Amino acid sequence: MLNFTLHTTTEVVFGRDIEKDIGPKLRALGASRVLVHFGGGSVRRSGLLDKVEQSLTGAGLTYVELGGVSPNPKLSLVREGIALAKRENVDFILAVGGGSVLDSAKGIGMGLGTGRDPWEFAATGTAPEATMPVGTVLTLSASGSETSNSCVLTNEETHQKCGITSQTNRPRISFLNPENTFSVSPFQTGCGIVDIMMHTLERYLTDGGESDITDRIAEGVLIATRDAGRRALADPCDYEARATLMWAGSISHNDYTGAGRLRLFPVHKLEHELSAFRDEIAHGAGLSVLFPAWAQYVMEHDIPRFAQLAHRVFGVEMDFANPARTAHEGILTMKRFFAEIGMPVHMAELGICPADYDTLAANTVRTVGGPVKSYMPLDETAIKAIYRLAE
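Owing to the predicted nature of the structure, the values given are computational and were not obtained by experimental measurement.

Parameters and conventions
- Residues numbered from 1 in each chain as written.
- Predicted model: local features only at pLDDT ≥ 70, side-chain atom pairs only at ≥ 80, totals over all residues.
- Heavy atoms only, no water.
- Buried < 20%, exposed > 50% of the residue type's maximum accessible area, 1.4 Å probe, protein only.
- Helix = DSSP H or I, 4+ residues; strand = E, 2+ residues; numbered from the N terminus.
- Pairing = 2+ DSSP bridges.
- Axes fitted to C-alpha atoms, helices over the stretch in contact; angles between N-to-C directions.
- Contact = heavy atoms within 4.5 Å.

Caption draft 1: Structural detail: the pairing of strand β2 (residues 33-38). For β2, a buried count of five out of six residues is recorded, marking the element as mostly surrounded by other parts of the structure. Of the strand pairs in this sheet, β2 and strand β3 (residues 62-66) are connected by five bridges, and their pairing is parallel. Bridged to H37 within β3 is L66. Pairing of β2 with strand β4 (residues 92-97), which is carried by five bridges, proceeds in the parallel orientation. Bridge pairing links H37 to A95 in β4.

Below you can see the structure in the form of structure tokens.
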């Protein structure tokens, strides 16, 4: 097990009817004027936004609104939010929505806290040293951004999608009510399931030596997510299934599932280029296509670990004489599960054709500043080989 520092500072308020606590909790944290940040009209139509704003008003807080967050959150709206918050003397940011809304709010927070354009951190790979406090009201179990130290933004001008990692990115408080995910579509539920599993798998399938306690936590999250995902798709209003997915999303990305292991996230870096290239590609959908292909490409570098995953999580019988067979069957089993829950598993399903491969591979290497770090460096040739395995 590698040395590690675990720093999880987010207060989590979890369960039914917690919206009434939002105003008093934010007031106790020192908030007085809040920027309420959200996406489209669904949070208004559902009545959630009204509940949030009533709670704020009831606690004596004032607020301003900024909607319009889209999937793959855009730098231009983050900059608009920073300007609005400065004009309105905002001292707390509250994101109401899914991962894109949360990341957009984090971008606004880092801009206000540092006085710098957030893309400076993305472009240089540096971490912001301060932020304005951010809270979240989650409506989609997927990204784990409600407790994570990461933020992903898309620069429409350069067509780049980059992550920014810093402890200052962790929200100060997050309100998690599984009932707010009942109306999530089957496709977006499937995308969330994939994202949760990938946040766990990309910490699991990497270097770190012996780490049995971390492995068991990660394996438990994967099994629970798979099983709860099937239940939620069969019955969208299954509270316990939705609760499991919501809590799994938080645990999968707050670093518990990767303690003592190297954090590289190669598949995420490959996928970010796909959704930057085609904005309509959902993050989870891109991951479900790329992960089995990446796993197949790198498997030989860590056959025992891939075989362990196949056996412990997917129930593949361990072939001690030929563990590579077990590892390969585990990858196929996961690919079949992705297809079962309605996720794409081929590049063509994303609208990506072989003629795009050269551009995508070159852009990926450009965005990350060199070959993608994995079990071995993934240069343009390796990335295109992974694309072909995903056809």
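Caption draft 2: Just the sheet that holds β3, in detail. Here we have six strands laid out as an open sheet, ordered β1-β8-β5-β4-β2-β3, and parallel in their pairing. Two strands close off the open sheet at either side, each with one partner strand: β1 (11-14) and β3. Going across the sheet, the axis of each strand differs from the next one's by a mean of 20 degrees, ignoring polarity. In this structure, β4 lies alongside strand β5 (residues 134-138), joined through five bridges in parallel fashion. When the sheet's bridge partners are listed, A95 is paired in β5 with T136. Its contacts with the sheet place helix α5 (residues 99-114) against β2, β3, β4 and β5, and it is angled at close to 165 degrees to β4. Against the sheet, helix α9 (residues 239-252) makes contact with β1, β5 and β8 (173-176), and its axis sits at roughly 175 degrees relative to β1, the strand it touches most.

Caption draft 3: Structural view of the environment of H159. On the secondary structure map, H159 appears in the loop between β6 (150-155) and β7 (160-165). Of the residues examined, H159 reaches a relative accessible area of 52% and is grouped as exposed. Measuring from C-alpha to C-alpha, the distance between H159 and D356 comes to 15 Å, with 197 residues separating the pair along the chain. Ignoring anything within four residues of it in the chain, the contact list for H159 reads E273 and A276.

Read these as spatial facts, not as claims about activity.
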